[in-house]
Amino acid sequence: MHILIYSYNYHPEPIGIAPLMTELAEGLVKRDHEVRVITGMPNYPQREIYDGYRGKWYSNEQKNGVTIQRSYLRIKSKPNLVDRLLLELSFVFTSLPQVFKGERPDVIILTIPPLLGTLPATIFGWLYNCPVVLNVQDILPEAAVRIGLLKNKWMIRTLAALEKFAYQSAHTISVIADAFHENLVNKGVPVNKIVCIPNWVNVNFIHPLPKENNSWISSHQLDGKFVVLYSGNIALTQGLETVIKAAVCLRHIKEIVFVIVGESIALQRLQEYCLLNGADNVLLLPLQPREKLPEMLAASDVGLIVQKRNVISFNMPSKIPLLLASGRPIVGSVPATGTAAKAIQLSGGGIIVEPESPDAMAAAVHNLYANPALSARLGNTGRQFAEENYSLEQALDRYEGLLSYVVTNRKSSVGILPKLDSKKSVVDG
């Protein structure tokens, strides 16, 4: 098949959807498909165009058999709502010419967010007479409204209309959690138009490693420490102040260190919060190169998943499969009825505590610190679950099967989608 992936984020961006789309594209190439990716100039999470791409309108390259076509983005380091809108619009317009610089695709995969990407992808689908598979990573604009990022009523109505258009125009919609499936059905999307394919992890790249002789531990003076790790996006949905306050609760245990790895701008704000609260047992580090990820995860004793209490069914942290695959137990400070909690509970690889409660998080961390056998059991169970349910090869099987079915039945989305896996979904809604 000739597959066109339309994704705002892609390699070399280190977190979020970029590594996932990169693994998907390269995995499909290894299965003898031709894959072309239309994406923006790399900028995330620093919100600055990377060196080597700055000042360019277009850039075309090949990496591991994938044709990557990049286009200009209007980037602001501290964007307001208008800046975010202009950023998405810049990608919409500058990416248009790239579509015609390659073979006609048999199928288009569009990732959202950004929601405005629906417009060009739909146009391309019409022009090329090929189906569009919408890959929903976050439920928008609901997520932005619930976390307080979007308050303008006119903008909310406009984006809600665009969301409805996206679901109507797509041939098929792939979601990453069953709760997303339920959300879309409640909005009138036909149930036979939706398929659930969870995000994945390369279990050969991320796997349990011993803490001994770990250069990442040595380089950050963490020898002999019980490391509680949060790594990834630092956004409004998290509320990492809870982590810092939990660290303060455990200051009396000198072996316990909390490590937060994230984007530099967000770390500056957290540094001020640490100083304000006297959290001298928190180490703040910038995002690490992807090749260091296995060592960094192996340096931890506990991995954190953190969400605010109002994050229920519109967000599913992609770091859950990563932490499970690393063989380390998870402490999930997340809503008990939310998508993340259900995924962690089903895996058997972690503990769920009340969100936005430093005392509850601290108690769970202390419990794992005091009970190495419990930590080992949770870590081993989580690793086994990741191998059985979240592997990259399984995801490739599911996507390849879905895309083949969609291309074969591209004239209609009325039929029942194929059953991609005989097992129960790994994220029960």
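Just so it is clear, the structure is predicted and the values come from calculations on it, not from any experiment.

Enquirer: Quick one: what's the story with the sheet that holds strand β5 (residues 107–112), residue by residue and with numbers?
Expert: Taken together, eight strands build an open sheet; the order of strands is β3-β4-β2-β1-β5-β6-β7-β8 and the sheet is mixed. Each edge of the sheet is formed by a strand with only one pairing partner; in this case those strands are β3 (58–63) and β8 (194–196). The average angle at which neighbouring strand axes cross in this sheet is 20°, direction not considered. Pairing of β5 with strand β6 (residues 132–136) involves five bridges; the strand directions are parallel. Bridging from a neighbouring strand, Ile108 pairs with Val132 of β6.

Enquirer: Give a detailed account of the pairing of strand β12 (residues 302–306), specifying residues and quantitative values.
Expert: By the criterion of burial, β12 is predominantly enclosed, with five of the five residues buried. By the alternation rule, side chains of β12 split into Val302, Leu304 and Val306 and Gly303 and Ile305, which are all buried. Sheet analysis places strand β9 (residues 226–231) next to β12, joined by two bridges and oriented parallel. By the bridge assignment for β12, Leu229 is matched with Gly303. One ladder, built from four bridges, connects β12 with strand β13 (residues 330–333); its direction is parallel. Bridge pairing in β13 places Val306 opposite Ser333.

Enquirer: Which residues make up the packing of helix α2 (residues 81–99) against helix α3 (residues 118–128), and what are the values?
Expert: In the contact formed by α2 and α3, the axes pass within 10 Å of each other and the chain directions differ by 25°. In terms of their interaxial angle, α2 and α3 are classed as roughly parallel. The handedness of the crossing between α2 and α3 comes out as right-handed. Together, Val92, Leu96 and Val99 of α2 and Pro120, Phe124 and Tyr128 of α3 make up the contact between the two elements. Considered class by class, the residues forming the contact of α2 with α3 number six nonpolar, no polar and no charged.

Enquirer: Mind laying out the environment of Val201, listing which residues take part and the relevant values?
Expert: Tracing the backbone through its elements, the reader meets Val201 in the loop between β8 and α7 (215–219). Placed 124 residues apart in sequence, Val201 and Ala325 show a C-alpha to C-alpha distance of 7.3 Å. Residues within four places of Val201 in sequence aside, it is in contact with Ile206, Pro321, Leu322, Ala325, Tyr390, Ser391 and Leu392.

Enquirer: Tell me about the sheet that holds β12, and name the residues and values.
Expert: Pairing in this open sheet of six strands is parallel, and the strands run β11-β10-β9-β12-β13-β14 from one edge to the other. Of all strands in the sheet, those with a lone pairing partner are β11 (282–286) and β14 (350–353), marking the two edges. Each strand of the sheet is rotated relative to its neighbour by a mean of 25°, with strand direction disregarded. Against the sheet, helix α9 (residues 264–277) touches β10 (256–262) and β11, its axis set at about 165° to β11. Strands β12, β13 and β14 of the sheet are contacted by helix α12 (residues 339–347), whose axis makes an angle of about 145° with β14.

Enquirer: Just give me the short version of the packing of aromatic side chains, but keep the residues and values in it.
Expert: Summed over the entire model, instances satisfying the criterion amount to eight aromatic pairs. Ring centres 5.7 Å apart and planes at 55° place the aromatic pair Tyr6 and Phe124 in the tilted group. Of this pair, Tyr6 sits in strand β1 (residues 2–6) while Phe124 sits in helix α3; the two residues are 118 residues apart in sequence, bridging distant segments of the chain. A relative accessible area of 1% places Phe124 in the buried class. Ring geometry for Tyr8 and Phe91: centres 5.7 Å apart, planes at 80°, overall edge-to-face. Of this pair, Tyr8 sits in the loop between β1 and α1 (17–30) while Phe91 sits in helix α2, and the two are 83 residues apart along the sequence. The exposure classification of Tyr8 matches that of Phe91, with both residues buried. Here the aromatic cluster, defined as three or more aromatic residues joined through ring pairs, consists of Tyr6, Tyr8, Phe91 and Phe124. The ring of Tyr58 has Lys101 sitting right over it, with the charged end atom 4.7 Å from the ring centre.

Enquirer: So what about the nonpolar core? Which residues, and what values?
Expert: Considering soluble globular proteins, one finds that nonpolar side chains tend to be buried as a cluster. Of all hydrophobic cores here, the largest spans 72 residues; its most connected members are Leu134, Val136, Ile173, Val259 and Ile320. Ranked by residue count, the leading element in this core is helix α5 (residues 153–169), at five residues. Non-local contacts of Ile173, meaning those with residues more than four positions away in its chain, are made with Leu134, Val136, Tyr167, Leu184, Val189, Lys193, Ile194 and Val195. By size, the runner-up hydrophobic cluster in this structure holds 33 residues, among which are Phe226, Val243, Ala246 and Leu284.

Enquirer: I'd love a proper account of the pattern of salt bridges, names of residues and values included.
Expert: Considering all chains together, one arrives at 16 salt bridges under this definition. Residue Glu295 is joined to Lys292 by a salt bridge in which the shortest nitrogen-to-oxygen separation is 3.7 Å. A network of salt bridges, in which partner residues are shared, links Arg31, Glu393, Asp397 and Glu400.

Enquirer: Quick one: what's the story with a nonpolar patch on the surface, residue by residue and with numbers?
Expert: The grouping of Phe100, Ile123, Trp126 and Leu127 at the surface amounts to a nonpolar patch, some 480 Å² of accessible area in total. If you trace the backbone, Phe100 turns up in the loop between α2 and β5.

Enquirer: Go over the packing of helix α13 (residues 358–370) against helix α14 (residues 372–389) with me, naming the residues and quoting the values.
Expert: Where α13 contacts α14, the axes come no closer than 5 Å and their chain directions differ by 100°. Relative to α14, α13 is oriented roughly perpendicular. Here α13 contributes Asn367, Leu368, Tyr369 and Ala370 to the contact with α14, which in turn contributes Pro372, Leu374, Ser375 and Leu378. Looking at the contact of α13 with α14 residue by residue, the classes come out as six nonpolar, two polar and no charged.

Enquirer: So what about the confidence of the model for the protein chain? Which residues, and what values?
Expert: As a note on interpretation, predicted positions should not be read in detail where pLDDT is low. This prediction gives the protein chain a mean pLDDT of 89; 92% of its residues lie at or above 70. Contacts of residues 422–429 to residues separated by more than four positions or lying in other chains number 26 contacts, the stretch itself having pLDDT below 50.

Criteria and cut-off values
Residues numbered from 1 in each chain as written. Predicted model: local features only at pLDDT ≥ 70, side-chain atom pairs only at ≥ 80, totals over all residues. Heavy atoms only, no water. Pairing = 2+ DSSP bridges. Helix = DSSP H or I, 4+ residues; strand = E, 2+ residues; numbered from the N terminus. Axes fitted to C-alpha atoms, helices over the stretch in contact; angles between N-to-C directions. Buried < 20%, exposed > 50% of the residue type's maximum accessible area, 1.4 Å probe, protein only. Parallel < 35°, antiparallel > 145°, perpendicular 65-115°, else oblique. Left-handed = near helix turned anticlockwise from the far one by under 90°. Contact = heavy atoms within 4.5 Å. Nonpolar A, V, L, I, M, F, W, Y, C, P; charged D, E, K, R; others polar. Phe/Tyr/Trp six-rings, centres within 6.5 Å; stacked < 30°, edge-to-face > 60°. Lys NZ or Arg CZ within 6 Å of the ring centre and 35° of its normal. Core = buried A, V, L, I, M, F, W, Y, C linked by side-chain atoms within 4.5 Å. Salt bridge = Lys/Arg side-chain N within 4 Å of Asp/Glu carboxyl O. Patch = residues over 30% accessible without salt bridge, like charges linked within 9 Å, V, L, I, M, F, W, Y side chains within 5 Å. Areas by Shrake-Rupley, 256 points an atom, 1.4 Å probe, with all protein chains shown as cover. pLDDT = per-residue confidence, 0-100.

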